[in-house]
Protein chains: 2
Amino acid sequence: MNVSSLMQTRTDSTRDHILATGRGLVAQRGFAGMGLNELLKTASVPKGSFYHYFSSKEDFGCNLLEQYMSQYMSRLDEILTTKGPDARTRLMQYWSLWTSSQTSGDACVQCLIVKIGAEISDVSDEMREILEDGTRQIGMRLSEAIAEGQADNSISQTVEPDLLGAALYEMWLGASLVAKLSRNRDPFLNAMATTELMLPKPHQHTKDMI
Amino acid sequence: MNVSSLMQTRTDSTRDHILATGRGLVAQRGFAGMGLNELLKTASVPKGSFYHYFSSKEDFGCNLLEQYMSQYMSRLDEILTTKGPDARTRLMQYWSLWTSSQTSGDACVQCLIVKIGAEISDVSDEMREILEDGTRQIGMRLSEAIAEGQADNSISQTVEPDLLGAALYEMWLGASLVAKLSRNRDPFLNAMATTELMLPKPHQHTKDMI
DNA sequence: AAAAAACTAGACGACTGGTCTAATATGAAT
DNA sequence: ATTCATATTAGACCAGTCGTCTAGTTTTTT
């Protein structure tokens, strides 16, 4: 065959439309819970088109997750690069945005790692690996931000960036799960307070300093 | 142990057998991913029996989760009451057992809150409320244990039990999710190290005490 | 205009959760 | 022991869903 698989058609809009519609539906019903008929009816796309763009439901799921993780990493990097004067402020801003996005009730911004991570982990190795890679990258980026905070003197040198980055990320994933169950933002407020304690600022004017 | 798992002659043995089989299947495939036919074929139980004992799949799910949470709370209470000389040791033993159970690969002991919490939270209010209640109870029991540790002088007075109990629980839920994705126990080791830091022993000979 | 690729359309069989009637086992009352 | 009511089992059946597939139409390229 030729390079037809690499060719880009002008009208990828159908494919993108299926992916966008699917994200909302998956965030609401889960992956197994979202039927293809429901997806395609919602998107007003015939079933034949779906199997033109994706080889299977799992392939669709992989593309959905890859797109999601890619966009998430870009956004994370933007926040941790620009949204604040120092690394600690930017980190706290990240948790703050996490809280507001996960309490908005808007299905499209729901964290897909929380929503379908456990569901697909024992079912689809291909999808699992995409999320595994995503969580690894996010954890690393957070650890990096903590190290930056130690460099710009907004975070105490007493913490270990690698350990703490992963631990904070895990705590916020858990908080999201509990928040989904309890339908309120208390778990996030709790995680926020704990995060403040776990990311201590350097001691500046205590008696033992100076 | 007992004969009920081998014989189905006793009255409720069929019902219990369906629940036990369902727990393993749900832990593997998720709730929507487990079909009734698969469940009943695995359990060698005709469909008529299922609808004699349960009014619907959701009703079955509720009973499954209620039984699970009830057994979990009993086990948690046993650990936090007997498995160690002081409250802090008993708490650490709880996380240690969490780690080994979630890394065993045995589907039957998988944490159902992690596995199907997010999945069902937007689909079944009835099931969601059961898990909501369960997470609340577990968090409270952990906070209680931390307070006990402060009372028996195994945990520093500087921490706030309510905040910390919930935060630790959330971190371990998140660690379980990440561990399911990465298929290794690193997230648990990480959570364990962080837990040690978050549950400080009392300072015994510092200058500010006396 | 012809050939090839991109895309649409919906039929298809296996399966889904759920309902239904009938058959059988059990236990209490007589 | 016989009867009768209840508890439980059995699985055919329903309308609908699942993901797959082949055939057909439109668009692009040559």
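None of the values given here were measured: they were computed from a predicted structure. (Residues numbered from 1 in each chain as written. Chains lettered and ligands numbered in written order. Predicted model: local features only at pLDDT ≥ 70, side-chain atom pairs only at ≥ 80, totals over all residues. Heavy atoms only, no water.)

**Examining the relation of the copies chain B and chain A**
Consideration 1: Expressed as a screw transformation, the operator carrying chain B onto chain A has a rotation angle of 180 degrees and an axial translation of 0.0 Å, and the superposed copies differ by an RMSD of 0.1 Å. The relationship between the two copies is best expressed as a two-fold rotation axis. When C-alpha positions in chain B are compared against the rotation axis, the closest is assigned to Met171 of chain B, at 1.8 Å.
Consideration 2: A symmetric contact is evident, with 100% of the interface residues of chain B recurring at the interface of chain A. (Least-squares fit on C-alpha atoms with pLDDT ≥ 70 in both. Contact = heavy atoms within 4.5 Å.)

**Some remarks on the pattern of salt bridges**
Consideration 1: Tallying each qualifying case throughout the model produces 28 salt bridges over all chains.
Consideration 2: Here Lys180 of chain B ties to Asp122 of chain A by a salt bridge, and the two come within 3.0 Å at their closest N and O atoms. In this pair, Lys180 of chain B is assigned in helix 8 (residues 161-182) and Asp122 of chain A in the loop between helix 6 (112-121) and helix 7 (125-151), connecting two distinct chains.
Consideration 3: Judged by its relative accessible area of 11%, Lys180 of chain B falls in the buried class.
Consideration 4: With its nearest N and O atoms 3.2 Å apart, the salt bridge here joins Arg75 of chain B to Glu78 of chain B. Here the residue Arg75 of chain B and the residue Glu78 of chain B both occupy positions in helix 4 (residues 57-82), the gap between them amounting to three residues, near one helical turn.
Consideration 5: Of the residues examined, Arg75 of chain B reaches a relative accessible area of 39% and is grouped as partly exposed.
Consideration 6: Using a relative accessible area of 35% as the deciding quantity, one classes Glu78 of chain B as partly exposed. (Salt bridge = Lys/Arg side-chain N within 4 Å of Asp/Glu carboxyl O. Helix = DSSP H or I, 4+ residues; strand = E, 2+ residues; numbered from the N terminus. Buried < 20%, exposed > 50% of the residue type's maximum accessible area, 1.4 Å probe, protein only.)

**A closer look at the side chain of Glu170 of chain A**
Consideration 1: Relative to the elements of secondary structure, Glu170 of chain A occurs in helix 8 (residues 161-182).
Consideration 2: Put simply, Glu170 of chain A is tucked away with no salt bridge, and the nearest opposite charge, on Arg185 of chain B, sits 12 Å away.
Consideration 3: If near-sequence neighbours (up to four positions away) are discounted, Glu170 of chain A is found in contact with Glu170, Met171, Gly174, Ala175, Val178, Pro187 and Ala191 of chain B. (Lys, Arg positive; Asp, Glu negative; His and termini not counted.)

**A look at the UniProt feature "DNA-binding region" (unreviewed entry) in chain A**
Consideration 1: Summarizing the sequence annotation, UniProt attributes the feature "DNA-binding region" (unreviewed entry) to residues 35-54 of chain A in the numbering used throughout.
Consideration 2: Split by type, residues 35-54 of chain A is 75% helix and 0% strand. Its first and last C-alpha atoms lie 15 Å apart. (UniProt positions renumbered as here; feature names shortened; annotations may be inferred.)

**Re helix 8 of chain A**
Residues and elements named next belong to chain A.
Consideration 1: Compared with an ideal rise of 1.5 Å per residue, which puts 22 residues at 32 Å, helix 8 spans 31 Å between its outermost C-alpha atoms and is within 8% of the ideal.
Consideration 2: With 21 of 22 residues buried, helix 8 is to be regarded as a mostly interior element.
Consideration 3: Backbone geometry just downstream of helix 8 places Arg183 in the positive-phi region, at approximately 55 degrees. (Expected span 1.5 Å × (residues − 1).)

**Topic: the interface of chain B and chain A**
Consideration 1: In this complex, chain B contributes 41 residues to the contact, which on the side of chain A involves 41 residues.
Consideration 2: Buried area between chain B and chain A, both sides added, is near 3,300 Å², and the carbon and sulfur share of it is 63%.
Consideration 3: Area buried by chain B at its contact with chain A is led by Leu163, Glu170 and Leu181 of chain B, which between them contribute 20% of it.
Consideration 4: Between the two partners, chain B and chain A, sit six salt bridges.
Consideration 5: For the interface between chain B and chain A, the tally reads 12 residue pairs in polar contact (both at pLDDT 80 or more).
Consideration 6: When residues of the side of chain B that touches chain A are traced back to their parent elements, those giving at least two are helix 1 (13-29), helix 6 (112-121), helix 7 (125-151), helix 8 and helix 9 (186-198) of chain B.
Consideration 7: Residue contributions to the side of chain B that touches chain A peak at 14 residues, all from helix 8 of chain B.
Consideration 8: Considered class by class, the residues forming the side of chain B that touches chain A number 21 nonpolar, nine polar and 11 charged. (Buried area = accessible area lost by both parts, 1.4 Å probe. Polar contact = N/O pair within 3.5 Å; in protein donor to acceptor, adjacent residues only side chain to side chain. Nonpolar A, V, L, I, M, F, W, Y, C, P; charged D, E, K, R; others polar.)

**Thoughts on the state of the cysteines**
All names here are of chain A.
Consideration 1: Tallied over the full model, the rule gives zero disulfides over all chains.
Consideration 2: This cysteine, Cys62, is not joined by any disulfide, and Cys111 carries the nearest cysteine sulfur, 17 Å off.
Consideration 3: A residue is classified by how much of its surface remains accessible, and Cys62, at 5% relative accessible area, is buried. (Disulfide = S-S within 2.5 Å.)

**Some points on the environment of Trp95 of chain B**
All names here are of chain B.
Consideration 1: Residue placement: Trp95 occurs in helix 5 (residues 87-103).
Consideration 2: Trp95 gets classed as buried once you look at its relative accessible area, which sits at 0%.
Consideration 3: Separated by 102 residues in sequence, Trp95 and Leu197 have C-alpha atoms that sit 14 Å apart.

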